[in-house]
Amino acid sequence: MDEIDDPRIRSVVIVGGGTAGWMTAAALVQHFRTTPLKITVVESSDIGTIGVGEATIPTIRRFYGQLGLRDDDVMRATQATCKLGIRFIDWSGPGSDFIHPFGLYGQDVKGIGFHHYWLKQHRAGETAPLAAYSLGAALAAGGKFTLPSPNPPSSLSVFDWALHLDAGLFAQHLRAYAEAGGCARIDARIRSVELRPDDGFVRALTLDDGREVEGDLFVDCSGFKGLVIGEALGVGFEDWGRWLPCDAAYAVQSENRPGDAPAPFTRVTARSAGWQWGIPLRHRAGNGLVFSSAHLSDDQALAELMPHLLGDPLTEPRRIPFRPGRRTQAWAKNCVAIGLSAGFLEPLESTSIALIETGIERLKALFPDRRFAQPILDEFNDQTAREMERVRDFIILHYKLNRRTDTDFWRDCRAMAIPETLERKIALWTARGQFVRYRWEMFHPASWLAIYDGFGLYPDGHDPAVDAMDPAYLARSLAEMRANIADLVARTPNHAQFLAGLDPAAS
Ligand code: FAD
């Protein structure tokens, strides 16, 4: 058959072997296991990877589940701990503290959101916080962990979990998987990208030693630089710095202190011009400060970060500058950008690896042939852009709603103009306690609720249908829900015990 009879893609070249590159390779190897498709990863061990990216959201487990990998195997391979959510410290002012859990609050009744019942009671003087109705938040606050019941008896037990993992070990694990499935790997520096003179499509990569690597489809996983999508194909970048003020980070690893129990949540603490992360792994911890370089010098950033590590430092702090925004087209010609090459927001809600997963899903669903029909590219680009905008809005919400009064940084964030899509959401929430749902949302209403509640932004009233319920019955039901949660938490082992059970040798 000549090319016109058989336009199928024969060869995929993945440019870069960081988290994005090896996730893409593993997923494509699995997806095309019965198809003759050559998959090659080109990476440079001289250049290395970004080396951060340790907190995930629950979709990661579905990603590796599709590969046939089990939670316990991945956890052992990546020195992982469990993550029930994110704990926000000092974001609403000194001493403030709340958890954004992966899971639901209470039980909706007759299609009316639980928060409306809670709001009514709250206004009537009921003091229990919304978090008392989230099993995920209560487990996290108590340092407990257990697997969610596969058949929850009620929505009280609906919570989900993710991992804190060593990103380098995760990439190695996926590399072993991909190579076992036939993926080729070339360790070399890419010197240049060769375009076809007639249509500007990518023909090959030229390596430092002069070798050429040809392909039909190139997946750009080369990190921030966007070697193919940006540097070779000239696709532009939409800068979101006016809404996402942080543009740099210092990352540093620390020792685990003997006897310290690893928290089952990511800790994010607001500082004077940004925030600090703390991520417990089994063999060490990840720490970092994300900050606005316009508001804080490097020396000041280090002075804020280093006294608050989760343990003694194991590495020198590493500065990582970044530019929040997205590639104007994630797919151009025969190149699809996945990972940092497609854009980056900032790590506050651990969304980068999740965006890699959805990029891969989209590529599988829209996998082209060598004619690269424009509607396929348009759909991929539209979905990617919308999804990133939704995540962007969710992250902006945290800055916009902050209640700190100590620095210009936080005051400026509160005063900033926000995207119209986010304005609509906040307006509907405050007017009616409801959630605007756009297409391609990564975060569900429960997550929005967690942030609104955490920052103390409540609607003016509650759903009038709630008033039909007998107040005494309502008060009893809520008290029962709280008691059930407290009882479940009391009966759950702590996180360290759960981790020890993963590894019989260590228990
Ligand atoms: P990289 O890791 O940079 O990999 C690029 C690859 O391309 C490497 O293999 C490199 O060798 C190769 N390469 C580049 N140029 C060449 C060349 N010329 N020749 C050959 N090979 C080349 N995400 C989360 O989900 N959770 C988090 O908690 C989180 N925290 C973060 C914190 C910070 C401060 C930052 C900046 C990011 C964070 N991220 C997080 C994002 C996460 O790190 C990335 O999304 C993820 O690591 C994917 O990176 P990548 O594979 O796209 O790029």
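The structure presented is a predicted model; accordingly, all values stated were derived computationally and were not measured.

Some points on the site of the ligand
As a matter of local geometry, the ligand sits amid 34 residues, with Val52, Ala55, Ile190, Lys225 and Ile353 nearest to it. Here Gly18 contributes a backbone N or O atom positioned 3.4 Å from an oxygen atom of the ligand. A distance of 3.3 Å is found between an oxygen atom of the ligand and a backbone nitrogen or oxygen belonging to Thr19. For the ligand, whose accessible area on its own is 1,000 Å², the fraction buried by protein is 96%. For the shell around the ligand, the secondary-structure elements that each account for two or more residues are helix 1 (19-31) and helix 9 (352-365). With 3 residues, helix 9 is the single largest residue contributor to the shell around the ligand.

A closer look at the nonpolar core
In this structure, Trp91, Leu397 and Tyr399 are the most contacted members of the largest nonpolar core, which totals 78 residues. The element contributing the most residues to this core is helix 10 (residues 374-400), with 7 residues. Leaving out residues up to four positions away in the same chain, Tyr399 has contacts with Trp91, Pro245, Cys246, Trp275, Glu346, Leu348, Phe409, Trp410, Cys413, Arg414 and Met416. Membership of the second largest hydrophobic core comes to 64 residues, among which are Phe32, Phe145, Ala171 and Ala263.

Structural notes on unusual backbone geometry
Not every positive phi belongs to a glycine, and Gln79 is a case in point at roughly 55 degrees. As for its position among the elements, Gln79 is in the loop between helix 3 (71-78) and strand 3 (81-83). Note on Gln79: relative accessible area 26%, which makes it partly exposed. Despite not being glycine, Trp440 shows a phi value in the positive range, around 65 degrees.

A word on the pattern of salt bridges
Pairing is possible between side chains of opposite charge, provided their charged atoms come close. Counted by the stated rule, this structure contains 36 salt bridges. Between Arg371 and Asp369 there is a salt bridge; the shortest N-O distance is 2.7 Å. Given the relative accessible area of 60%, Arg371 is considered exposed. In the salt-bridge network here, residues are joined through shared partners; they are Arg61, Arg62, Asp71 and Asp160.

Describing the environment of Tyr117
One can find Tyr117 in helix 4 (residues 114-123). Judged by its relative accessible area of 4%, Tyr117 is buried. Sequence-distant contacts of Tyr117, defined by excluding residues within four places in its chain, comprise Val109, Ile112, Val466, Met469, Leu474 and Leu478.

Regarding the pairing of strand 1 (residues 11-15)
Buried residues dominate strand 1, accounting for 5 of its 5 residues. Residues Ser11, Val13 and Val15 point to one face of strand 1 and Val12 and Ile14 to the other, with burial holding for every one of them. Summarising the sheet, strand 1 and strand 2 (residues 38-43) pair through 5 bridges and their orientation is parallel. Paired with Ser11 across the bridge in strand 2 is Lys38. Handedness of the β-α-β unit built from strand 1, helix 1 and strand 2 comes out right-handed. Two elements, strand 1 and strand 11 (residues 217-220), share 4 bridges in a ladder whose sense is parallel. When the bridges of strand 11 are listed, Val13 appears paired with Phe218.

Here's the deal with the packing of aromatic side chains
A complete count under the given rule lists 24 aromatic pairs for this structure. Relative to Phe498, the ring of Phe145 has its centre 4.6 Å away and its plane inclined at 70 degrees; by these criteria the two rings are edge-to-face. Of this pair, Phe145 sits in the loop between helix 5 (135-141) and strand 6 (162-164) while Phe498 sits in helix 15 (residues 495-502), and the two are 353 residues apart along the sequence. Phe498 matches Phe145 in its accessibility class, with the two residues each being buried. Where Tyr250 meets Phe291, the ring centres are 6.0 Å apart and the plane angle is 5 degrees; that geometry is what we call stacked. On the criterion of sequence distance, the pair formed by Tyr250 in strand 13 (residues 248-254) and Phe291 in strand 16 (residues 285-291) is long-range, its members being 41 residues apart. Each member of the pair, Tyr250 as well as Phe291, is classed as buried. One aromatic cluster is present, built from ring pairs that chain together Phe88, Trp91, Phe98, Tyr399, Phe409, Trp410 and Phe455. Above the face of the Trp440 ring, Arg362 is positioned so that its terminal group lies 5.5 Å from the ring centre.

Structural notes on the sheet that holds strand 10 (residues 212-214)
With antiparallel pairing, 3 strands are arranged side by side in an open sheet as 8-9-10. Both outer strands of the open sheet, strand 8 (190-195) and strand 10, are each paired with one neighbouring strand and no more. Neighbour-to-neighbour, the strand axes of this sheet turn through a mean angle of 25 degrees, independent of strand direction. With 3 bridges connecting them, strand 9 (residues 202-207) and strand 10 associate as antiparallel partners. Across the sheet, residue Ala204 finds its bridge partner in strand 10, namely Glu214.

Side note on the environment of Ile229
In this fold, Ile229 is placed in helix 7 (residues 227-232). For Ile229, a relative accessible area of 0% puts it in the buried group. Taking C-alpha positions, Ile229 is 8.5 Å from Arg327, a pair spaced 98 residues apart along the chain. Residues within four places of Ile229 in sequence aside, it is in contact with Asp220, Gly234, Val235, Arg327, Gln329, Ala330, Ala332, Cys335, Ala337 and Ser341.

Observations regarding the layout of surface pockets
If you add up the space inside the second largest pocket, you get close to 770 Å³. Along its surface, the second largest pocket is lined by 34 residues, and Met442, Phe443, His444, Pro445 and Ser447 are the ones closest to its centre. If you list the elements that add at least two residues to the lining of the second largest pocket, you get helix 2 (59-66), strand 5 (97-101), helix 4, helix 9 and helix 13 (445-454). Residues of the lining of the second largest pocket, tallied by class, amount to 15 nonpolar, 13 polar and 6 charged.

Each value, and the rule that gives it
Residues numbered from 1 in each chain as written. Predicted model: local features only at pLDDT ≥ 70, side-chain atom pairs only at ≥ 80, totals over all residues. Heavy atoms only, no water. Near = heavy atom within 4 Å. Polar contact = N/O pair within 3.5 Å; in protein donor to acceptor, adjacent residues only side chain to side chain. Areas by Shrake-Rupley, 256 points an atom, 1.4 Å probe, with all protein chains shown as cover. Helix = DSSP H or I, 4+ residues; strand = E, 2+ residues; numbered from the N terminus. Core = buried A, V, L, I, M, F, W, Y, C linked by side-chain atoms within 4.5 Å. Buried < 20%, exposed > 50% of the residue type's maximum accessible area, 1.4 Å probe, protein only. Contact = heavy atoms within 4.5 Å. Salt bridge = Lys/Arg side-chain N within 4 Å of Asp/Glu carboxyl O. Pairing = 2+ DSSP bridges. Right-handed = clockwise from strand over helix to strand, strands pointing away. Phe/Tyr/Trp six-rings, centres within 6.5 Å; stacked < 30°, edge-to-face > 60°. Lys NZ or Arg CZ within 6 Å of the ring centre and 35° of its normal. Axes fitted to C-alpha atoms, helices over the stretch in contact; angles between N-to-C directions. 1 Å grid on protein atoms, 1.4 Å probe; cavity = no way out; pocket = protein on both sides within 12 Å on 5 of 7 lines; lining within 4 Å. Points joined across faces, edges and corners; volume = space filled by probe spheres on them. Nonpolar A, V, L, I, M, F, W, Y, C, P; charged D, E, K, R; others polar.

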